[in-house]
Amino acid sequence: MKIRTAFSLFVAVVLIVGVAVSLLMGILPAREYIQKNFYASVGNIVDASKSGIQTEIARGWEVSLALARNPFLADWLLGDERDTAAGRKVLSMAVEYASRTGFSSSFIANRSTGSFYSGDKLMQVLSPTRADDSWFFDVLGSDKELTLNLDYNEQLGSTSLWFNTQVLKGRAVIGVAGIALSIDKVVNDFKAAVPSANSGLHLVDSSGMVVVSSDDEAIGKELRSLISGTAKSIPGLADVKTFDDPVLGPTLLSEEQILESGYSIAFVGPVSDFVPSFISLSGGSILFTAVFAALVVTGAVLFISRRFAAPILEMNRLALGLAAGDLSVSADASISRRKDEIGTLAQSMSATVGRLASVVSEVQATANKVASESDEMSSAARQMAIGIAGIADSSQQLSQGASEQAASAEQVSASVEQMGANIKQNADNSFQTEKIATKAAGDARQGAKAVAQTVEAMRQIAEKTAIIEEIARSTNMLSLNASIEAARAGEHGKGFAVVASEVGKLAERSKMAAREISELSKQSVDVAEKAGLMLQSMVPDIQKTAELVQEISVASREQDTGTQQINQAIAQLDTVIQQNASISEEYSATSEQISSQAMMVAETTEGLAAQAAKLKDAVTFFKLDGGATE
Amino acid sequence: MRQYLTFELDGRRYGVPVEFINSVLDPQSITPLPQGSTLVTGLTNVRGNVVPVFDPRDPLRRTKVEDDRLAKRPGGQDAEADELEDEDEEGGIVIFESENGTLLPFIGLQADKIGKVVNLESDEISPVPDFLPNDATKLFEGFCFIGGVRHSIINLAELASKDTLFSAGEGSRYA
């Protein structure tokens, strides 16, 4: 509650000082200024109230003068009064003058006849002997052209203010004319022109008597009797004077002549009527103001302390709860609803507490989860350790298997090398075969050529045989001729004939032999040609064989390179398998390490479970809404 | 006994006495004669001498004998021997030479085949039948069979006479 007191004191002091300063700084100079300007404004008010009356009297004055100075009136008064036409004209004019100005009536009085017209009617004849008519003769004898007179008129039945004006012809006064103003109207006018209740407007005659006044009691009194003490003039105001009235306090007096009538208008009014209450500053009002200010200050202090200290107390309560670990607290809704910084503070405070509560509950849940999951993880890590040990065994087996694989690959490599040697031999053989086949083709071609040569030789033999045959024929022919010759020789030619016939027989035989040789050679030519054809037909076959063998040779060579590549590949495979073996051994070692690490992980997770339990205990310090501390 | 040289013309065999034969020549080119007759066909050269060559086929073919029948003549083993003999024989020009002035000093005959010089006894030659017309009979002296083959012995003096040759050469009867 300390802050509330301090806050209230502070605010009160601030407010009081503020009010005092504002009074000093604001009201006092204002009062001075207003007093300074007050009299001017009061003067204006006085002038305004006087001027209405003055104007009215001045208008009556002017109208009376205008009527009296009308030449028709003077003419009518000097001439025959009975001239009704002129009389009516003048009288109607007078009535018109009166009615125009709003005055009650007009009047005309003739000196010579003494007849008195009120309005357009002849009322009476004035006589110097009658006391009531004395005013007429006073006016006639006056040295002033216009005189004012307040009188009761029997005919009119009312008191009027008379504007009596001399009707002049040259210097001679031939009559009196003028207008009358009902005194009731004047009084009413005076009363209407009074600016305040305690002030009064007075019509004062030349002797200082009040003849008409807004105050009925003042009529007939001397103006002087209304003033107590001596009036003092006010600086800056010409017409206004001031005196101290015992009842009303400072009072203003202003007197002014109405034209040259000898009458004057006076204004008497207390200053208090025109001064606003706060300027006067009486003791009571100051007290009231002080009390009011104290009330206001108290209210303001209470309001402000209620408005600003209460939220702080609420926040304080919240913070204390928070310090005690109570997370179920929240700011009052009315404070949170505020739109200013305090509202924002309350909202953020509430949000913080809510967020903290959710975080704490999450932490609790997480701690629970961590505890249970770390148990699971511990068992999982143990299982993992066992599994990885199994993996280590398996990878050892894998290593053994890889070693066996490497051995097998080496065996395969040897086999493939042997195969490669075989294929190489194959290739060589096929190359040789190819060579032989090519040679055989060449030989066959040569054989064919030889056969052709043989055929040619045979043909030549046949030709030669033909020559022999020809020789034989010629010989035959010769033997024939010889035998003819022998026959012609007769007995002497007998021996010759025998010789000739023998020669003929030889020729025959040689011819036969030649024919046989020819036959034989023809046959051998046929045979040789056949052999040649066969050889010729053999050549492409042999060539084809040679080509095929060549292809076989090429294929074998390719096979050879293929097996070499296979050999390389197997060698690579061998190294890879060996690497595999070493890697799997490493793997085995690594997995044993991992197994031990998994065991460590299991232990660590057990430690983690213990930590989670501790965390859970620590978090139970906070009290949540639902009481869900566990 | 007389000796005869045998030869063949158009498949018929003839014989001529050797005394009329000058020599036998291998076939050689014959220069044709302008406006030649069918009998004297041209000229040939014999050891520097120009000898006329005649072809007696037309006069010898006067008698019409079917070649078919000729071909169908009966034959046996002898026929085979003939054939062999025939095969050996070759064509040539036989140059005749006359003893008297009836014949041209030299005249050649183109033979399809020239046979051998054969010895014939006079009884082996059968005479020409009498009922044959003169024109036919005068060309032949007789007929004989050598190896089963009938040979006609030509009367060369008549066949190669100027009359025969030139009448034919003038283109009258044999043309």
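Computed from a prediction, not measured in an experiment: that's the story for all the values here. Residue numbers run consecutively from 1 along every chain, following the written order of its sequence. Written order decides the labels, with chains lettered from A and ligands numbered from 1. In keeping with the predicted nature of the model, local features appear solely for residues at pLDDT of at least 70, side-chain atom pairs appear and are counted solely at 80 or more, and the whole-chain, interface and lining totals rest on all residues.

**Quick look at the pairing of strand β3 (residues 121–125) of chain A**
All names here are of chain A.
So, step 1. Judged from the four bridges that link them, strand β2 (residues 115–118) and β3 form a sheet pairing that is antiparallel. Paired with S115 across the bridge in β3 is V125.
So, step 2. We treat two strands as partners when DSSP finds at least two bridges between them. Segments assigned H or I by DSSP are reported as helices when at least four residues long, segments assigned E as strands when at least two residues long, and all are numbered from the N terminus. Hairpin connection, β2 to β3: the antiparallel pair is bridged by two residues, and G119 has positive phi, about 70°.

**Considering the confidence of the model for chain A**
So, step 1. What pLDDT conveys is the predictor's confidence in a given residue, as a value from 0 to 100. Residues at a pLDDT of 70 or more form 94% of chain A, whose mean pLDDT is 81.
So, step 2. The lowest-confidence element of chain A is helix α6 (residues 277–280) of chain A, averaging 48 in pLDDT; the highest-confidence one is helix α10 (residues 494–619) of chain A, averaging 86.

**Here's the deal with the interface of chain A and chain B**
So, step 1. In this assembly, nine residues from chain A lie in contact with eleven residues from chain B.
So, step 2. It is helix α9 (residues 341–489) of chain A that provides the largest number of residues to the side of chain A that touches chain B, a total of eight residues.
So, step 3. A class-by-class count of the residues in the side of chain A that touches chain B yields four nonpolar, two polar and three charged. Contact between residues is assigned whenever the C-beta positions, reconstructed from backbone atoms, fall within 7 Å. Any residue outside Ala, Val, Leu, Ile, Met, Phe, Trp, Tyr, Cys, Pro, Asp, Glu, Lys and Arg is labelled polar, Gly included; the first ten of those are nonpolar and the last four are charged.

**What to know about helix α3 (residues 84–101) of chain A**
Residue and element names in this part refer to chain A.
So, step 1. An expected span of 1.5 Å times one less than the residue number is assigned to each helix. Here α3 contains 18 residues, and its C-alpha end-to-end distance of 25 Å stays within 8% of the 26 Å for a straight helix at 1.5 Å per residue.
So, step 2. Counting other C-beta atoms within 10 Å of a residue's C-beta gives its exposure: the residue is buried at 20 or more, exposed at 12 or fewer, and partly exposed in between, where C-beta atoms are placed from the backbone. Taken residue by residue, α3 has G87, V90, L91, A94 and A98 as its buried positions. Along the axis of α3, the buried positions cluster into a sector of 95°, meaning they face one direction only. Looking at α3, the residues exposed on the side facing more than 90 degrees away from the buried face are A85, R88, S92, E96 and R100. When we speak of the arc, we mean the arc of directions from the helix axis to the C-beta atoms.

**What to know about the environment of A589(A)**
So, step 1. Tracing the chain through its elements places A589(A) in helix α10.
So, step 2. Each C-alpha atom of the pair A589(A) and S395(A) lies 9.0 Å from the other, and the pair is 194 residues apart in sequence.

**Looking at helix α2 (residues 71–78) of chain A**
All names here are of chain A.
So, step 1. Taken as a whole, α2 has its buried residues at L73, A74, W76 and L77. Each buried residue of α2 lies within a common arc of 165° when the element is viewed along its axis, so the set occupies one face. Residues P71 and F72 are exposed on α2 and point more than 90 degrees away from its buried face.

**Topic: the nonpolar core**
So, step 1. L73(A), A177(A) and I179(A) are the most contacted members of the largest nonpolar core, which has 54 residues in total.
So, step 2. Looking at which element gives the most residues to this core, the answer is helix α1 (residues 2–68) of chain A, with eight residues.
So, step 3. Leave out the neighbours within four places in its chain, and L73(A) touches L67(A), A68(A), V90(A), I108(A), V167(A) and A177(A).
So, step 4. Remark: nonpolar core denotes a set of buried Ala, Val, Leu, Ile, Met, Phe, Trp, Tyr and Cys residues whose joining runs through C-beta atoms within 7 Å. Listed in part, the 35 residues of the second largest apolar core include L480(A), I21(B), V94(B) and L139(B).

**Quick word on the sheet that holds strand β8 (residues 210–213) of chain A**
All names here are of chain A.
So, step 1. On the basis of which strands lie adjacent, the open sheet formed by six strands has the order β8-β7-β12-β11-β10-β9 and antiparallel pairing. Each edge of the open sheet carries a strand with a single partner, namely β8 and β9 (232–233).
So, step 2. Across two bridges, the pairing between β9 and strand β10 (residues 240–245) is antiparallel. When the bridges of β10 are listed, K232 appears paired with T242.
So, step 3. Helix-sheet contacts for helix α5 (residues 183–193) involve β7 (200–204) and β8, and the interaxial angle to β8 is about 70°. Between N-to-C directions, angles cover 0 to 180 degrees, with each direction set by a line fitted to C-alpha atoms, over the stretch in contact for helices.

**Points about the packing of α9(A) against α10(A)**
All names here are of chain A.
So, step 1. Two numbers describe how α9 lies on α10: the axes approach to 1 Å, and their chain directions differ by 175°. With respect to each other, α9 and α10 are oriented roughly antiparallel.
So, step 2. Of the residues assigned to the contact of α9 with α10, the class counts are 77 nonpolar, 46 polar and 22 charged. Throughout this description, any angle smaller than 35 degrees is read as roughly parallel, any larger than 145 degrees as roughly antiparallel, any in the 65 to 115 degree range as roughly perpendicular, and the remainder as oblique.

**Points about unusual backbone geometry**
So, step 1. A positive phi is found at D10(B), a non-glycine position, where the angle reads about 50°.
So, step 2. Along the chain, the position of D10(B) falls in the loop between β1 (2–9) and β2 (12–17).

**Let's talk about the confidence of the model for chain B**
Residues and elements named next belong to chain B.
So, step 1. Averaged over chain B, the pLDDT score is 73; the fraction of residues at 70 or greater is 69%.
So, step 2. Averaged over each element, pLDDT in chain B is lowest for helix α3 (residues 77–88) (45) and highest for β2 (88).
So, step 3. Ignoring residues within four places in sequence, the model shows residues 68–86, a span with pLDDT below 50, making eleven contacts including any to other chains.
So, step 4. Segment residues 169–175: pLDDT under 50, and 15 contacts once partners within four positions in sequence are set aside and those in other chains are kept.
So, step 5. The ipTM value of the predicted complex is 0.74, and its pTM value is 0.37.

**Observations concerning the packing of α2(A) against α3(A)**
Residue and element names in this part refer to chain A.
So, step 1. Where α2 meets α3, the closest approach of the two axes is 10 Å, and the angle between their N-to-C directions is 140°. The angle between α2 and α3 falls in the class oblique. Seen from above, α2 lies across α3 with left-handed handedness. Counted together, F72, L73 and W76 of α2 and A86, G87, K89 and V90 of α3 form the full contact between these two elements.
So, step 2. In terms of residue class, the contact of α2 with α3 is built from five nonpolar, one polar and one charged. The crossing is said to be left-handed when, going from far helix to near helix, the turn is anticlockwise and less than a right angle, and right-handed when the turn is clockwise.

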